[in-house]
Amino acid sequence: MFENLSKKLFGKSLWIYHCNTGACNGCDIEILNVLTPYYDVERFGMKLVASPRHADVMLLSGAVTRPTLPLVKKAYEALPSPKLVFGIGSCATGGGCWFDTYNVNGGAAGVVPVDYYIPGCPPRPESIIYGVALALGIVDKQVAPIEMKQMEFPIDVYERNKAWEERNVIYELLK
Amino acid sequence: MWLTSKIKQVLMVIKPGVVTLNYPYVKRPTPENFRGSPHWDHEKCIGCGGCANHCPARTILVRDLCQEIRQMVYDGSRCTYCGRCADVCPEDAITMTDKYELATDDRKDLNESMELFMLTCKRCGRCYDMETRNKIDRMDIQGYRYDNIEARAFIRKTTDRFDEDMLKSTENFKRPEKIGE
């Protein structure tokens, strides 16, 4: 439903405002890389703008540090609605290595509502394009939570494997 | 003058032609030694917790639910894909796949959890004591571990024997309040 809505609302063009909230510049360089002719996200009608008031989409990169927190909130409020927020990089998604340090808010999710996460440290330009395409409804989501469980007690498995390995021993003795 | 320079530019651009990748429709193979998201093999894993000890972002959490069952959770949302877990794994149970298309609208999609049976001594019924002789036990934190998985909190406290009070006390663990806001 959200995909259809975003297709309808932003189908023609998304104007992007890039907001660095304490990133190490890795993600910022990858975002700029996406705008170069090689990857060229302008195929989808995207354009980097300087002011949040012109933008539809905010790209957040970096774990939101304490000094940038009020500024991020201000920039988010300055975006005209409807607005989308992309968290780019591991820091914006979950806080990265700094998820529980005193100076960091542990990712963008606790500060502003984030619609799409693009993990990676830094994410490849291709995975940023993938996230954009996901938001536009061009591609499907590829990740899902995985739960694994051992159903049998491994001792039994071990003994069974051992019996299977030694199944021919009796014939060798008879030879 | 500017016209000649523009013509020159156009000629320069014609030479390489179109270089733009048609990415979301046509995929390009990943380079060799590319590290994407890590993946567990629950059949190979022995539950030593070495990956949890060595993860710089503390993405892997270990919680002993009882004497024999150990729950391990990988929270991919803050993973930096450094590959240390795959390096340190004694059984090669963790492999770095070449998956990088991880964009999602829900952080829970990146999680991977695993429940393991831990072997106990056939004579005394315990797992093993905290010893410093074998390679696994020399890896930082030893013994039974009680990380809180809901709060994604790493608890640096372990016990020699399984302790139910410890399990209960870490159930509702809360991070200390942050400065400011």
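What counts and how
Residues numbered from 1 in each chain as written. Chains lettered and ligands numbered in written order. Predicted model: local features only at pLDDT ≥ 70, side-chain atom pairs only at ≥ 80, totals over all residues. Helix = DSSP H or I, 4+ residues; strand = E, 2+ residues; numbered from the N terminus. Rg over C-alpha atoms; globule rule 2.2 N^0.38 Å. Pairing = 2+ DSSP bridges. Axes fitted to C-alpha atoms, helices over the stretch in contact; angles between N-to-C directions. Contact = placed C-beta atoms within 7 Å. Nonpolar A, V, L, I, M, F, W, Y, C, P; charged D, E, K, R; others polar. pLDDT = per-residue confidence, 0-100. Core = buried A, V, L, I, M, F, W, Y, C linked by C-beta atoms within 7 Å. Buried ≥ 20, exposed ≤ 12 C-beta atoms within 10 Å, placed from the backbone. Right-handed = clockwise from strand over helix to strand, strands pointing away. Parallel < 35°, antiparallel > 145°, perpendicular 65-115°, else oblique. Left-handed = near helix turned anticlockwise from the far one by under 90°.

**A closer look at the overall build of chain A**
Counting its secondary structure elements, chain A contains seven helices and six strands. Taken from N to C terminus, the helices and strands of chain A fall in the order α-β-α-β-β-α-β-α-β-α-β-α-α. Over its C-alpha atoms chain A spans a radius of gyration of 24 Å, topping by over 25% the 16 Å that the globule rule assigns to 175 residues. In terms of overall dimensions, chain A has C-alpha extents of about 85 × 40 × 30 Å along its principal axes.

**Side note on the sheet that holds strand E3 (residues 69-75) of chain B**
Sheet strands pair via backbone hydrogen bonds, and the direction of the pair is either parallel or antiparallel. Here four strands make up an open sheet; going across it, the order is E6(A)-E5(B)-E3(B)-E2(B) and the pairing mixed. The open sheet terminates on both sides in strands that have one partner only, identified here as strand E6 (146-149) of chain A together with strand E2 (60-64) of chain B. Direction aside, neighbouring strands of the sheet carry axes that sit 15° apart on average. Pairing of E2(B) with E3(B) involves five bridges; the strand directions are antiparallel. If you follow Asp64(B) over to E3(B), its bridge partner there is Arg70(B).

**Things to note about the interface of chain A and chain B**
For interface size, the figure often reported is the accessible area lost on association. Taken together, the contact between chain A and chain B spans 46 residues of the former and 39 residues of the latter. Where the side of chain A that touches chain B is concerned, the elements lending two or more residues are helix H4 (90-94), strand E5 (116-118), helix H5 (125-136), E6 and helix H6 (154-165) of chain A. With seven residues, the single largest contributor to the side of chain A that touches chain B is H5(A). Partitioning the side of chain A that touches chain B into residue classes produces 27 nonpolar, 10 polar and nine charged. For E6(A) and strand E5 (residues 111-117) of chain B, the ladder comprises four bridges, and the chain directions are parallel. Considered in E5(B), the bridge of Lys149(A) is made with Glu115(B).

**Digging into the environment of Lys168(B)**
Relative to the assigned elements, Lys168(B) resides in helix H4 (residues 164-169). Expressed as a C-alpha distance, the spacing of Lys168(B) and Tyr146(B), which sit 22 residues apart in the sequence, is 9.3 Å.

**Quick look at the confidence of the model for chain A**
This prediction gives chain A a mean pLDDT of 85; 93% of its residues lie at or above 70. Mean pLDDT across the elements of chain A bottoms out in helix H1 (residues 2-10) of chain A (67) and peaks in E5(A) (92).

**Side note on the nonpolar core**
Residues and elements named next belong to chain A. Of all hydrophobic cores here, the largest spans 72 residues; its most connected members are Val57, Met58, Leu59, Leu60, Phe86 and Ile88. Looking at this core, the element that brings in the most residues is H5, giving six residues. Not counting residues up to four positions away in its chain, the partners in contact with Ile88 are Cys27, Ile31, Leu59, Leu60, Ser61, Ile118, Pro123 and Ile128.

**Some remarks on the confidence of the model for chain B**
Chain-level pLDDT for chain B is 83 on average; 87% of the residues reach the 70-or-more range. Mean pLDDT values over the elements of chain B span from 82, in strand E7 (residues 158-159) of chain B, up to 91, in strand E4 (residues 94-96) of chain B.

**Quick word on the pairing of strand E4 (residues 84-88) of chain A**
Residues and elements named next belong to chain A. E4 sits mainly inside the fold: five of its five residues count as buried. Here E4 shows no split at all, with Leu84, Phe86 and Ile88 on one side and Val85 and Gly87 on the other all buried. Looking at chain direction, strand E3 (residues 57-61) and E4 are connected through five bridges and run parallel. Pairing of Ser61 across the sheet is with Ile88, part of E4. With three bridges connecting them, E4 and E5 associate as parallel partners.

**Here's the deal with the pairing of strand E2 (residues 46-49) of chain A**
Residues and elements named next belong to chain A. Bridge count for strand E1 (residues 14-20) against E2 is four bridges, and the pairing is parallel. Bridging across to E2, Tyr17 finds its partner in Val49. Taken together, E1, helix H2 (residues 26-34) and E2 form a β-α-β motif whose crossover is right-handed.

**Structural notes on the sheet that holds E4(A)**
All names here are of chain A. Strand order across the open sheet formed by five strands is E2-E1-E3-E4-E5, with parallel pairing between neighbours. The outermost strands of the open sheet, each flanked by one partner alone, are E2 and E5. Across the sheet, the axes of successive neighbouring strands diverge by a mean angle of 30°, strand direction being ignored. The strands touched by H2 within the sheet are E1, E3 and E4, with E3 carrying the most contacts at an inclination of about 140°.

**Examining the packing of H2(A) against H5(A)**
Residue and element names in this part refer to chain A. Relative to each other, H2 and H5 sit at 70°, their axes nearing to 9 Å. It follows from the interaxial angle that H2 and H5 lie roughly perpendicular. Crossing geometry of H2 relative to H5 is assigned as right-handed. Within the contact between the two elements, H2 uses Glu30, Ile31, Asn33 and Val34 and H5 uses Pro125, Ile128 and Ile129. Residues of the contact of H2 with H5, tallied by class, amount to five nonpolar, one polar and one charged.

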